[in-house]
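# Chains, contacts and geometry: an overview
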Amino acid sequence: MFDKDIKLSNTKGILIFLVVFGHFLELNKEHYLQTFIFIYAFHMPLFVFISGFLAKRIQMKKVVNLLMLYIIFQTLYTLFFYFIGEYETIGFNYEKPRFHLWYIVSISFWYVLAGIIAKLNPNNISKLILFTLILLISFFSRLYTDPLVNFAREFYPNFSSYTLSYQRTITFAPFFFAGFFMSNNALKKLYTSISPNIAKGLLLLTAMGVFLFTEFTPNLEWLYKGSYSTSRFLSDNDTYVTKILSHFLLSTWLSILILIVINGKKCILTKWGDRSLGIYLFHPVFVFMWKKNNFMNEWNLDTQFIVNLTLALIVTAFLGSKFFASYTRFLTSPLETIKTKIKG
């Protein structure tokens, strides 16, 4: 067993905060599109990478727990969205994840595949071949999103790229398996591959470049979210390979810099990272409740940005608290809850 990597926990902590902040910004994203797109350029790829790295000894009970989580929270959010007026009718369906729950579905698929690969116990060459195959499938998959959806609709009319989060599962798979195949020693070397001070400077320059690039490049949101076909993110002057390659390279580069920059000392981020599942599952309650209040619309945009940032910090801190985690554990660990009830 490896010792706990505090740097990974801290990185998960900052990433889960960015998830919450990004969703608050999304309520009025047209005014903060550059910031919104910058967050989406790396926060889920890096989160997926860390999930893959931590999946080395995945057990099927983890997959079962995730599937139970999905059923529970898909049901709860269906009811929630209806009662706050987001939906006109209650429609219990489980093929299209609600809002953020796509990640629970996708990671379940990745875990199953990772478990199968682990059973095969591949050598380094086999791992490289497998990763290359996964990367190629992911890289070219969005060329075939629309044809695949149209074909599937011949048998299931409601099929879309959101169905069982299939397109996002394929899009982000290389990041998961990059982490899954990476050794602990390789990750440690990555941490020290660049001086932290130099990495901070490079991160700042890259962020400035992304903001400038966003200013003159349309449809990047649809590229980085990973669910959409070429019709959403390719313009007349774009080529598919160039656009997808820029996405993969930028996400990888930003992820490396952030892993280097984040420190490895225990802090509030450590707790947020260790309790990221609960934060992820529950934060949309606050986001959508806030959405129902439109009194900020007349405020200065800078003021709105600061308020959203503050709200994201408060929500993340509350959901990441020991108090909240202890009272919601029965929901975030349903398999354990059932076992405890049976034994009791």
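All figures in this text were calculated on a predicted structure; none of them were measured in a lab.

### Description of helix α6 (residues 145-152)
- The set of residues buried in α6 consists of Thr145, Val149 and Ala152. All buried residues of α6 lie within an arc of 65 degrees about the axis, which places them on one face of the element.
- Those residues of α6 that are buried are in contact with α5 (124-141) and α7 (166-181).

### Description of helix α4 (residues 102-120)
- Under the 1.5 Å per step criterion, the end-to-end length of α4 is 28 Å for 19 residues, consistent within 8% with the ideal 27 Å.
- For α4, every residue scored as buried is listed here: Trp102, Tyr103, Ile104, Val105, Ser106, Ile107, Ser108, Trp110, Tyr111, Ala114, Gly115 and Ile117.
- Asn121 occupies a position one or two residues after α4 and carries a positive phi of about 50 degrees.

### Overview of the packing of helix α9 (residues 196-216) against helix α12 (residues 240-261)
- Between α9 and α12, the shortest axis-to-axis distance is 9 Å and the interhelical angle comes to 145 degrees. Taken as a pair, α9 and α12 cross one another with a handedness that is left-handed. Judged by residue contacts, Pro196, Ala199, Lys200, Leu202, Leu203, Thr206 and Val210 of α9 engage Leu250, Trp253, Leu254, Leu257, Ile258, Ile260 and Val261 from α12.
- For the contact of α9 with α12, the residue count by class is 12 nonpolar, 1 polar and 1 charged.

### Re the packing of aromatic side chains
- Evaluated as defined, the whole model comprises 40 aromatic pairs.
- Ring geometry for Phe81 and Tyr87: centres 5.4 Å apart, planes at 70 degrees, overall edge-to-face.
- Taking relative accessible area as the criterion, Tyr87 reaches 27% and is therefore assigned partly exposed.
- Centroid distance Trp102 to Tyr103: 5.6 Å. Interplanar angle 85 degrees. Geometry classified as edge-to-face.

### Observations regarding unusual backbone geometry
- Of note in the backbone geometry, Ser165 takes a positive phi value of approximately 55 degrees without being a glycine.
- If you trace the backbone, Ser165 turns up in the loop between α6 and α7.
- In this structure, Asn219 is a non-glycine residue whose phi angle is positive, near 70 degrees.
- Tracing the chain through its elements places Asn219 in the loop between α9 and α10 (220-225).
- Accessibility expressed as a relative area gives 31% for Asn219, which makes it partly exposed.

### Side note on the side chain of Thr332
- Within the secondary structure layout, Thr332 lies in helix α16 (residues 322-332).
- The buried category is assigned to Thr332, whose relative accessible area is 12%.
- Setting aside chain neighbours within four positions, we find Thr332 in contact with Asn65, Leu69, Leu277, Gly278, Leu281 and Phe282.

### Focus: a nonpolar patch on the surface
- There is a patch of nonpolar side chains on the surface, built from Leu136, Phe140, Leu143, Tyr144, Val241, Leu245 and Leu249 and spanning about 640 Å² of accessible area.
- Of all the secondary-structure elements, those providing two or more residues to the nonpolar patch are α5 and α12.
- Looking at the nonpolar patch, the element that brings in the most residues is α12, giving 3 residues.
- Relative to the helices and strands, Leu143 is located in the loop between α5 and α6.
- For Leu143, a relative accessible area of 37% gives the class partly exposed.

### So, the environment of Pro45
- Relative to the helices and strands, Pro45 is located in helix α2 (residues 33-53).
- For Pro45, a relative accessible area of 1% translates into the label buried.
- Considering only alpha carbons, one finds Pro45 and Tyr224, 179 residues apart in sequence, at a separation of 9.3 Å.
- Residues contacting Pro45, with those up to four places away along its chain left out, are Tyr40, Phe172, Phe175 and Ser251.

### Description of the pattern of salt bridges
- Tallied over the full model, the rule gives 9 salt bridges.
- For the salt bridge of Glu221 with Lys29, the shortest nitrogen-to-oxygen distance reads 2.5 Å. Of this pair, Glu221 sits in helix α10 while Lys29 sits in the loop between α1 (6-26) and α2, placing them 192 residues apart in sequence. In this pair, the class of Glu221 matches that of Lys29, namely buried.
- A salt bridge links Arg329 to Glu336; the nearest nitrogen and oxygen atoms lie 3.0 Å apart.
- On the basis of relative accessibility, which here comes to 44%, the residue Arg329 falls in the partly exposed class.

### Thoughts on the packing of α1 against helix α14 (residues 276-291)
- Running from N to C, α1 and α14 cross one another at 20 degrees; their axes reach a closest spacing of 9 Å. What the angle tells us is that α1 and α14 run roughly parallel. Of the two possible hands of crossing, α1 and α14 adopt the one that is right-handed. Of α14, the residues touching α1 (which contributes Lys12, Ile16, Val19, Val20, His23 and Phe24) are Ser276, Ile279, Tyr280, His283, Phe286, Val287 and Trp290.
- Here the contact of α1 with α14 is built from residues that sort into 9 nonpolar, 3 polar and 1 charged.

Rules and cut-offs
- Residues numbered from 1 in each chain as written.
- Predicted model: local features only at pLDDT ≥ 70, side-chain atom pairs only at ≥ 80, totals over all residues.
- Heavy atoms only, no water.
- Buried < 20%, exposed > 50% of the residue type's maximum accessible area, 1.4 Å probe, protein only.
- Helix = DSSP H or I, 4+ residues; strand = E, 2+ residues; numbered from the N terminus.
- Arc of directions from axis to C-beta.
- Contact = heavy atoms within 4.5 Å.
- Expected span 1.5 Å × (residues − 1).
- Axes fitted to C-alpha atoms, helices over the stretch in contact; angles between N-to-C directions.
- Left-handed = near helix turned anticlockwise from the far one by under 90°.
- Nonpolar A, V, L, I, M, F, W, Y, C, P; charged D, E, K, R; others polar.
- Phe/Tyr/Trp six-rings, centres within 6.5 Å; stacked < 30°, edge-to-face > 60°.
- Patch = residues over 30% accessible without salt bridge, like charges linked within 9 Å, V, L, I, M, F, W, Y side chains within 5 Å.
- Areas by Shrake-Rupley, 256 points an atom, 1.4 Å probe, with all protein chains shown as cover.
- Salt bridge = Lys/Arg side-chain N within 4 Å of Asp/Glu carboxyl O.
- Parallel < 35°, antiparallel > 145°, perpendicular 65-115°, else oblique.

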